[in-house]
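Secondary and tertiary structure notes
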Amino acid sequence: VEAHALCTVGVAQAWGADGDEGIERLQEALSLARELDDPDVAFRASLNLTTALALFGRRDEAIEVTRDAIERARADGLEVAYGNSLRGNIAEALFNAGRWDEARELIRTALQWSPDPVSFTDASVTAAMLEAETGVDDRAASMLGWRPLEVDHAPDPQLEVPATRAAASFALWRGDVADARRAVERGWTLVRRAEDWALTARMAATYLEVQVMAISDAHERRAVAEIGGARSRGARVLEEAEAVLRASGLAPGAPGRREADANLATARAYGARLDARDDPALWETAAEAWQQAGEPYQVARAHWRQAEAALPGRGARIGRAAARAPLLEAVRIARALRARPLLSELEALARRALIAIPPDPEAPVLVAVGPGRPATPPVEAASDRAQVAAIAAAFAGSGGARPGDGTFGLSRREREVLGLIVQGRNNREIGERLFISQRTVGVHVGNILSKLGVSGRVEAAMVAVRLELVPSPAG
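Let me sum up the structure you'll find in this document. Small disclaimer: the values here were computed from a predicted structure and weren't measured.

Moving on: the overall build of the protein chain. Within the protein chain, the regular secondary structure consists of 22 helices and zero strands. Each of the 475 residues in the protein chain was classed as buried or not, and the buried ones make up 52%. Counted over contacts in the protein chain with a minimum sequence separation of 6, partners at least 24 positions apart contribute 66%. Taken as a whole, the protein chain presents about 21,200 Å² of accessible surface, with 52% of it coming from carbon and sulfur.

On to the environment of Ile355, then. Structurally, Ile355 can be placed in the loop between helix H17 (340-353) and helix H18 (379-396). Residue classification places Ile355 among the buried residues on the basis of a relative accessible area of 7%. Distance in space between the C-alpha atoms of Ile355 and Leu327 is 8.8 Å, their sequence separation being 28 residues. Setting aside residues up to four positions removed in sequence, Ile355 forms contacts with Arg320, Ala323, Arg324, Leu327 and Ala350.

Another point: the pattern of salt bridges. Summed over all chains, the structure comprises 32 salt bridges. Here Glu259 ties to Arg59 by a salt bridge, and the two come within 3.9 Å at their closest N and O atoms. Separated by 200 residues along the polypeptide, Glu259 in helix H13 (residues 258-274) and Arg59 in helix H4 (residues 59-75) bring together distant segments of the chain. According to the relative accessible area criterion, Glu259 is buried, its value standing at 12%. Since its relative accessible area comes to 5%, Arg59 is described here as buried.

The subject of this paragraph is the packing of aromatic side chains. Evaluation of the coordinates by the stated rule reveals seven aromatic pairs. Ring geometry for Trp188 versus Tyr207: centroids 6.2 Å apart, planes at 55 degrees, classification tilted. Within this pair, whereas Trp188 is found in helix H10 (residues 177-191), its partner Tyr207 is found in helix H11 (residues 197-221), the two being separated by 19 residues in sequence. Judged by relative accessible area, Tyr207 falls into the buried class, the value being 0%. By way of ring pairs, the aromatic residues Phe95, Trp100 and Tyr297 are connected into one cluster. Its guanidinium or amino end placed over the ring of Trp304, Arg305 lies 3.8 Å from that ring's centre, counting from NZ or CZ.

Within the secondary structure, Asp38 is located in the loop between helix H2 (19-35) and helix H3 (39-55). Asp38 sits 35 residues away from Ala3 along the chain, and the two C-alpha atoms are 9.8 Å apart. At a separation of 3.2 Å, a polar atom in the side chain of Asp38 contacts the main-chain amide nitrogen of Val41.

Further remarks concern the nonpolar core. With 104 residues, the main nonpolar core has Trp188, Leu342 and Leu346 as its most contacted residues. Among residues more than four places away in sequence, those in contact with Leu342 are Trp173, Tyr297, Ala300, Arg301, Trp304 and Ala334.

Listing the buried residues of helix H19 (residues 412-422) in full gives Glu414, Val417, Leu418, Gly419, Leu420, Ile421 and Val422. With its phi angle positive at about 85 degrees, Gly424 sits one or two positions after the end of H19.

Here we come to the packing of H10 against helix H12 (residues 224-247). For any two helices packed against each other, one specifies the crossing angle of their axes together with the interaxial distance. Direction vectors running N to C along H10 and H12 enclose 30 degrees, while the axes themselves pass 13 Å from each other. Comparing the axis directions of H10 and H12 gives the class roughly parallel. For the pair H10 and H12, the sense of crossing is left-handed. Two secondary-structure elements touch here, H10 through Arg181, Glu185 and Trp188 and H12 through Arg233, Arg236, Val237, Glu240 and Ala241. Across the contact of H10 with H12, the residue classes break down as three nonpolar, no polar and five charged.

Before going further, it helps to examine a negative patch on the surface. On the surface, a cluster of negative charge is contributed by Asp18, Asp20, Glu21 and Glu24. Tracing the backbone shows Glu24 in helix H2. Residue class for Glu24 comes out partly exposed when judged on its relative accessible area of 44%.

For the rest of this paragraph, the subject is unusual backbone geometry. Phi at Asp37 is positive, roughly 55 degrees, even though this residue is not glycine. Topologically, Asp37 is positioned in the loop between H2 and H3. Backbone geometry places Leu354, a non-glycine residue, at a positive phi of 60 degrees. By the element assignment, Leu354 lies in the loop between H17 and H18.

Cut-off values and rules
- Residues numbered from 1 in each chain as written.
- Predicted model: local features only at pLDDT ≥ 70, side-chain atom pairs only at ≥ 80, totals over all residues.
- Heavy atoms only, no water.
- Helix = DSSP H or I, 4+ residues; strand = E, 2+ residues; numbered from the N terminus.
- Buried < 20%, exposed > 50% of the residue type's maximum accessible area, 1.4 Å probe, protein only.
- Contact = heavy atoms within 4.5 Å.
- Areas by Shrake-Rupley, 256 points an atom, 1.4 Å probe, with all protein chains shown as cover.
- Salt bridge = Lys/Arg side-chain N within 4 Å of Asp/Glu carboxyl O.
- Phe/Tyr/Trp six-rings, centres within 6.5 Å; stacked < 30°, edge-to-face > 60°.
- Lys NZ or Arg CZ within 6 Å of the ring centre and 35° of its normal.
- Polar contact = N/O pair within 3.5 Å; in protein donor to acceptor, adjacent residues only side chain to side chain.
- Core = buried A, V, L, I, M, F, W, Y, C linked by side-chain atoms within 4.5 Å.
- Axes fitted to C-alpha atoms, helices over the stretch in contact; angles between N-to-C directions.
- Parallel < 35°, antiparallel > 145°, perpendicular 65-115°, else oblique.
- Left-handed = near helix turned anticlockwise from the far one by under 90°.
- Nonpolar A, V, L, I, M, F, W, Y, C, P; charged D, E, K, R; others polar.
- Patch = residues over 30% accessible without salt bridge, like charges linked within 9 Å, V, L, I, M, F, W, Y side chains within 5 Å.
- Lys, Arg positive; Asp, Glu negative; His and termini not counted.
- Charge placed at Lys NZ, Arg CZ, Asp CG, Glu CD.

Okay, structure coming up:
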C-alpha cells in the first residue's frame, strides 16, 4: 500500500511544480517494491519513473531504468507480462533522443510478441512516428500511420494524440493537407479533454504547422476564403495552449517544461508565419529550445524553417548567408538520423537558394547494374527495407481477429483504390494507375472513408491491412 501511495504521489508531483521530489518518491516506490519482491508494484513504479525522467529530459536515465526492469522481469520469468509495456513506454524517449535504430529494434521485439492492446498501441504509435519521419518504406508508413489499434472503446489521449501527430506528419510529407487537418482536429479535440499540459504543447505545435500548410495550399488553389479560417484556428489554439501551460504551475524554463517550452516556441514561430510575419529569430529560438530539450530531430526541423524564413524578402546574397548555417546543420542531423523526407526538403531548398551542400560521407557508393541502366544504392537500402518489413510483418500479424471475408460494401474499383492508398499513393498517382481522373479518385476515396467508418486515408490503410481487405504491404 505504501509503495502504491508513493507511486501515485510521485506521479502527481512529477507533473507539477515539485518534479524533483516526485522523481524521488517514484524511486522510493521502486526500491520498496523490490524489497517486497512485488513485481506488479515494481512494474508500475518503473513505468511511471521512466515517464517522469523522460519528461525532465533525463532520457538516458529513463532508458537505463527500463532496461534494468526488463532484465529483472526476464530473470523472474515475467518478460512476456511486463517486457513489452516497458519497451513501448520507452520507445518514444529513444525516438526523441535521436536514438532511432535502438527505438526500431525495441519496437520490433514488442510487436512480435502479440502484447496486450495498450502496450501494442504504445509501441506501434512510435513505429508510426519513425516510419513517417524516415520514409524508408512508403507501404510500411501507410500501414503504421494512424491509430494502429483502438484502445477498448474509450480513446486515451496519451496514446491517440501521438498517433494523430504521426498521421498529420505523414499526410504533410505526402502533400495531403486535408488528411493532416482531419488528424490535428481530432488530436486537439482529444487533448482538450485531458489535463496533460505537455501533450497540449506538442499538439499545439503540430496543429499550427498544419494551419500554415493549409494556408499555402489555399494560396495555390486561390481559395482566399480559407486563409482567414486557418489564421483564426491557429491563433485560438496557440492562445489555449499558452493558457494550459500557465495553469500547470511550472515556471517557464523549469527542467520539466523544457520540451513543452520548445513546442510552444515552435507553435509561436508557426503563428508568426500564419500572420505573414515569418521570423528567422523565432525559429532560432525554437532550435535553441529543442537543443536544451535534447531532441535533435526537432532541432533540425526548426533550422529548416529558420533557413526558409531567412531567404525571402531579402537580397539574395544576404538571404543565402543567413540561411546557410542553419540549413547545413539541419542537413547534418537529418543525414545522421536518415530522416529522408526532411533531407529531401532541405536539398530542394538548398537548390532553390543556390547553397552548396557538402557530399554525404556516409552515403552508399552507387553500383552500375548494366549498360544504359542507372546506378543503384547497394546494401544499405536493402537492409533498411528488410528492417521495416520485419516491423510491418510483426504489426500485421499481431493480435486480434482479422476477418477476411467481409468487404464493407466496397466495390471492386473502390478496393483497387484502397489497395493503392495502402501503398501510400496520392490521388494523382492513383488516377494515373487506374486511368481515371483525380476528381473520380476523390469520389472513390470519400466512399471508402464513409464505408469503413474512418476519418482519413492513413486510418483507412490501417483498417484495410488489419482486416485483410487488401494484401498486406509487408507480404
